[in-house]
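# Structural characterization, general
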Amino acid sequence: MNNWILHYEGWKPEEQGLRESLCTLGNGIFATRGAAEEVPENKYNYPGTYMACGYNRAKSHIAGREIENEDLVNWPNWLYLTFKHEDGEWFDLENVEVIEYIQELNLKEGVLLRKMKFKDSKERVTSLISERVVSMNNPHVAGIRWTLLPENWSGDIIVRSAIDGRVKNNGVERYSELESRHTKVCEKGATEDHIIYLAACTLQSEINVAMTSALNVYKSEHMVEVDRKPVEEEDFIAEDIKIECEQLYPTTIEKTLTMYSSRDFAISDPMTEALSHLECLGSFNEVIRRSKEAWSSIWEKSDILIEDDSKSNHQMVLRMHIFHINQTVSRNSIGYDIGVPSRGWHGEAYRGHIFWDELYIYPYINLHNPQLARSLLLYRYRRLPEAKKEAKAAGYRGSMFPWQSGSNGREESQVIHLNPESGRWIPDNTHLQIHINAAIPFNVWLYFQSTRDLEFLSEYGAEIIFNTALFWASVARRNASSDRYEIHGIVGPDEYHTKYPGSEKPGLNNNAYTNFMATWVLTKAVELTGILSENILKELQMRVGFDKKDIESWKEISKKMYIPFNEKGVIMQFDGFEELDDLDWDKYRSEYGETIRLDRILEKENDSPNNYKACKQADVLMIFYLFSSDEIINILNHLGYEFKAEHIPENIDYYQEITSHGSTLSRVVHSWVYTRSERHKSWSKYIEALKLDFEDEQGGTTSEGIHLGAMATTVDMVMRSYSGMEMREEVLWFNPRLPDEINAISFNIRYRSHWINVRISHEKISINFRKGWAAPVEIFINGKKTTFKQDYHKEFSI
């Protein structure tokens, strides 16, 4: 088994959507789905190209009301490359006899390969090899190379290369009733040098994208002159090339593309840059060589190895997840106003919005590309003004970040959404998940812990933390009878529970995860006041708008926040959770399996998960995912609750029994929390999580875009959970707990300006500091601190 190749065999149109998503090629600026280039959008093919944070708003009339959504825009289709015999139809795999079909994504090199052999209605057999690259070296460049071999025929063919601007957003079926037109073609044509070009502009956001393309033909590695004819249709520009083919002699056809947008830096205008860049681009060989070199550099630092005795594809799938993280956000993304989307730039699900999923993705980025993490965190910082406006409108102080963020940071969550099971439009209350206002400062703090970037903390990060602390202090309300602070009218990570049974008012009281995280934010805000210099703190007090009285308020609330427990010491998901009905899990699991979208199923039955002790995903267990047992015990004891390490398994078991895993984020969190107590169960859950997108466990959702948070957490499981890596108290901790099913793991991390290589087996841990010049750091292993500096290597028995 080649652990670098995602391999598909056989032409299966019903699987094309999944293959397109998993075979997407991107570079952190734009991404193109792994669709077939020879046909436009049809029932089995969806050639989407998406630009990072390239959004547009449009209004739709649904269920008797007008709603406005902001979507990730599907830009013109640059892939378009097809051919026909002079007496035949344009090539389409659905209209020929497919003799052989192989599709492979080379994760090591970032190249998509398709090998096809087919027979047409006139018994002509043709072999066609397609290679595709979206350059990681140059984020404005992509290309396709065809090698066409006539097996039993000779004659002339017409090759058509095009840029198709007739595209719409049609990638998610349940959005089909919404407005799908987001662009208009502003300019198109062909130059005397046989370059075709097309510019499109979004209808509302006025983002301009220019694409230019050239096509060359080679025989025996020599470029040949061919007859060319431009083809113009509405919103469509192409060039038809006539090529003489000879039996068993291959013809090579190379299509190169440049793409610029009005969001790019150091440009005059997109079309000028795209045209001038294409003219000096070089051959496809040069494009692909440089892109492979860029990927080689990424993998040298980013690869994570699992050593085991099985013949499984676990290593390949793990690498596929690393690959898609780096395609979504990369070195190319640094400096751009880009967030981390929950579904990558791989499709139109969730409209390309930025959710709390970045909580799961940042650990990997922090420890491999801290400059990128810094840049991505600025996406949130730039949207503080909008978050302040939202908080003020809701009657709160500080900043209230939206559950779904897009272009400017306003709340982009839907007001209503379609249940595909029932066909009904129902209210969407997910915007009440204000716990994202803890996830964002948590990401800031984790970045600071891994980098010790005091400049970022002083200039940007502290402002986010102090603003969210003001928010949480104004959201929390003191209960006079209990002398505890409470948070009412919210929704937790679970999402199945949005209101109490029989109530018309949305929201729940005292979601345990939300209250715990609010406490954490307030504690960190207080801690920050002791880290920052007096001058910087005074400046931040004026900029944010807080004083000593607020700091005292943060201290008090962080000691008196209410966390609901039942009589057995299990943390309850929210007030009243234990009073809900029990669900007949045997019935639903026997009918729908272990992964259930229970909310959709029950709504179809005119019922609701609001009535049951049933969870979509980890909610309370998120506490055990984010924090070590020592940290959890310290916070709960600080709040005046008696909580011990032996209580943790009871909490995990309680929620494991009532979770439907209706989210891809769920299984990997359950795997994480089992790492210490039941390693075999942890590994079992991990393998399930590893395959969620690879095998499309949610029944068609992966075709709409990958689940980047779930992918990143499977990577983080190996890097931090199984290694027992933590960053706290200015020390890097390792407390490994490998599952019995694997022999060893190894990886590199970037920690406080050091590159560190780590290898862990069941017997020992090896730490190797590569050459560098950063300050020494302390690492805690086996109850002992060791100071590491450049070129230092040490092994520890475990």
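Residues numbered from 1 in each chain as written. Predicted model: local features only at pLDDT ≥ 70, side-chain atom pairs only at ≥ 80, totals over all residues. Heavy atoms only, no water.

Helix and strand content of the protein: 20 helices and 32 strands. Relative to the compact-globule value of 28 Å for 798 residues, the protein shows a C-alpha radius of gyration of 27 Å, a close match. For the protein, the C-alpha atoms occupy an extent of roughly 90 × 65 × 55 Å along the three principal directions. Here the protein holds 798 residues, and 63% of them are scored as buried. Here the contacts in the protein between residues at least 6 apart in sequence split such that 68% fall between residues at least 24 apart. Counting every atom, the protein has about 30500 Å² of accessible surface; 45% of that belongs to carbon and sulfur. Side chains of the protein carry 91 positive and 121 negative charges; the gap between the two charge centres is 5 Å. (Helix = DSSP H or I, 4+ residues; strand = E, 2+ residues; numbered from the N terminus. Rg over C-alpha atoms; globule rule 2.2 N^0.38 Å. Buried < 20%, exposed > 50% of the residue type's maximum accessible area, 1.4 Å probe, protein only. Contact = heavy atoms within 4.5 Å. Areas by Shrake-Rupley, 256 points an atom, 1.4 Å probe, with all protein chains shown as cover. Lys, Arg positive; Asp, Glu negative; His and termini not counted. Charge placed at Lys NZ, Arg CZ, Asp CG, Glu CD.)

Mapped onto the elements of the fold, Ser399 is located in the loop between helix 7 (384–393) and strand 21 (416–419). Accessibility expressed as a relative area gives 0% for Ser399, which makes it buried. Discounting residues that sit within four places of it in the chain, Ser399 has contacts with Leu384, Ala387, Lys388, Ala391, Asn437, Asn467, Thr468 and Phe471.

In this structure, Arg452 takes a positive phi of about 55° despite not being glycine. Tracing the chain through its elements places Arg452 in the loop between helix 8 (436–451) and helix 9 (454–475). The exposure class of Arg452 is partly exposed, given its relative accessible area of 33%. For Arg752, which is not glycine, the phi dihedral falls at a positive 50°. With respect to the secondary-structure elements, Arg752 resides in the loop between strand 27 (744–751) and strand 28 (754–761). Given a relative accessible area of 12%, Arg752 falls into the buried group.

On to the sheet that holds strand 4 (residues 49–51), then. One open sheet accounts for 3 strands, arranged 2-3-4; its pairing is antiparallel. The open sheet has two edge strands, strand 2 (25–26) and strand 4, and neither has a second partner. (Pairing = 2+ DSSP bridges.)

Here we take up helix 4 (residues 314–328). The first and last C-alpha atoms of helix 4 sit 21 Å apart over 15 residues, in line with the 21 Å expected at 1.5 Å per residue. Most of helix 4 is tucked away, with 15 of its 15 residues classed as buried. (Expected span 1.5 Å × (residues − 1).)

With that out of the way, let us pick up the packing of aromatic side chains. With the rule as written, the count across this model stands at 46 aromatic pairs. Here the aromatic rings of Tyr396 and Phe471 are separated by 5.5 Å at their centres, their planes lie at 90°, and the arrangement is edge-to-face. A residue pair is termed long-range when its members are at least 10 positions apart, and Tyr396 in the loop between helix 7 and strand 21 and Phe471 in helix 9 qualify at 75 residues. By relative accessible area, Phe471 is classed as buried at 0%. One Lys or Arg, Arg351, reaches over the ring of Tyr175 and ends 3.9 Å from the middle of that ring. (Phe/Tyr/Trp six-rings, centres within 6.5 Å; stacked < 30°, edge-to-face > 60°. Lys NZ or Arg CZ within 6 Å of the ring centre and 35° of its normal.)

Among the 12 residues of strand 15 (residues 208–219), 9 are classified as buried, and the element is accordingly described as predominantly covered. Once strand 14 (residues 195–202) ends, the chain turns through 5 residues before running back antiparallel as strand 15, passing Glu206 with a positive phi of about 60°. Bridging between strand 15 and strand 19 (residues 251–261) involves 10 bridges; their strand directions are antiparallel. The partner of Val209 across the bridge, within strand 19, is Ser261. In this sheet, strand 16 (residues 222–223) lies alongside strand 15 in antiparallel orientation, the contact comprising 2 bridges. When the bridges of strand 16 are listed, Lys219 appears paired with His222.

Right, let's talk about the sheet that holds strand 17 (residues 227–233) for a bit. Across the sheet, which stays open at both edges, the 4 strands sit in the order 7-12-18-17 with antiparallel pairing between neighbours. Strands at the two margins of the open sheet, each flanked by one partner only, are strand 7 (81–85) and strand 17. Averaged over neighbouring strand pairs, the angle between their axes works out to 25° when direction is ignored. For strand 7 and strand 12 (residues 155–164), the ladder comprises 5 bridges, and the chain directions are antiparallel. Bridging from a neighbouring strand, Lys84 pairs with Ile158 of strand 12. (Axes fitted to C-alpha atoms, helices over the stretch in contact; angles between N-to-C directions.)

Secondary-structure assignment places Leu621 in helix 15 (residues 621–626). What makes Leu621 buried here is its relative accessible area of 1%. In this structure the C-alpha to C-alpha distance between Leu621 and Ile648, which are 27 residues apart in sequence, comes to 9.4 Å. Apart from residues lying up to four places away in sequence, Leu621 is in contact with Asn651, Ile652, Tyr655, Val669, His670 and Val673.

Turning next to the environment of Phe265. In this fold, Phe265 is placed in the loop between strand 19 and helix 2 (270–279). Expressed as a C-alpha distance, the spacing of Phe265 and Gly335, which sit 70 residues apart in the sequence, is 9.3 Å. In this structure, Phe265 is in contact with Gly335 and Tyr336, ignoring residues within four places of it in sequence.

A few words on a negative patch on the surface. Taken together, the side chains of Glu646, Glu650, Asp653 and Glu657 define an acidic patch exposed on the protein surface. Inspection of the secondary structure assignment puts Asp653 in helix 17 (residues 648–656). Accessibility expressed as a relative area gives 36% for Asp653, which makes it partly exposed. (Patch = residues over 30% accessible without salt bridge, like charges linked within 9 Å, V, L, I, M, F, W, Y side chains within 5 Å. Salt bridge = Lys/Arg side-chain N within 4 Å of Asp/Glu carboxyl O.)

Under the definition given, this model contains 61 salt bridges. Of the charged contacts in the structure, one is a salt bridge between Arg166 and Asp164, with a shortest N-O distance of 2.8 Å. Given the relative accessible area of 38%, Arg166 is considered partly exposed. Between Arg720 and Asp716 there is a salt bridge, and its shortest N-O distance comes to 2.7 Å. Of this pair, Arg720 and Asp716 both sit in helix 20 (residues 708–721), separated by 4 residues, roughly a single helical turn. Within this structure, Arg57, Glu68, Glu70, Arg410 and Glu412 form a network of salt bridges that share partners.

Take the packing of helix 5 (residues 358–366) against helix 8 next. Relative to each other, helix 5 and helix 8 sit at 10°, their axes nearing to 10 Å. Comparing their axes, helix 8 and helix 5 come out roughly parallel. Packed against helix 5, whose contacting residues are Glu358, Leu359, Tyr362, Pro363 and Asn366, the element helix 8 presents Ala439, Ile440, Phe442, Asn443, Leu446, Tyr447 and Ser450 at the interface. Grouping the constituent residues of the contact of helix 5 with helix 8 by class yields 8 nonpolar, 3 polar and 1 charged. (Parallel < 35°, antiparallel > 145°, perpendicular 65-115°, else oblique. Nonpolar A, V, L, I, M, F, W, Y, C, P; charged D, E, K, R; others polar.)

Once that is clear, we can look at the nonpolar core. Most often, soluble globular proteins keep nonpolar side chains buried together rather than apart. Within the largest apolar cluster, 236 residues are counted, with the highest numbers of intra-cluster contacts made by Trp345, Trp356, Phe466, Trp554, Met622, Tyr686 and Ile767. Leave out the neighbours within four places in its chain, and Met622 touches Trp356, Leu359, Tyr360, Tyr513 and Val669. Within the second largest apolar cluster, 10 residues are counted, among which are Val133, Ile195, Ala214 and Val287. (Core = buried A, V, L, I, M, F, W, Y, C linked by side-chain atoms within 4.5 Å.)

The relative placement of two packed helices comes down to the angle between their axes together with the axis-to-axis distance. One way to put it is that helix 18 (residues 664–673) packs onto helix 20 with a least axis distance of 9 Å and a crossing angle of 10°. Between helix 18 and helix 20, the crossing angle belongs to the class labelled roughly parallel. Where helix 18 abuts helix 20, its residues Thr664, Leu665, Val668, Ser671 and Trp672 lie against Gly709, Ala710, Thr713, Thr714, Asp716, Met717, Arg720 and Ser721. When the residues that make up the contact of helix 18 with helix 20 are grouped by side-chain class, the tally is 5 nonpolar, 6 polar and 2 charged.

For the rest of this paragraph, the subject is the environment of Asn170. Here Asn170 shows up in the loop between strand 12 and strand 13 (183–190). By relative accessible area, which is 38% here, Asn170 ends up partly exposed. Setting aside anything within four residues of it in sequence, one finds Asn170 in contact with Glu41, Tyr46, Ser180 and Glu348.

Everything listed here is a matter of coordinates, which is why it stays silent on function.
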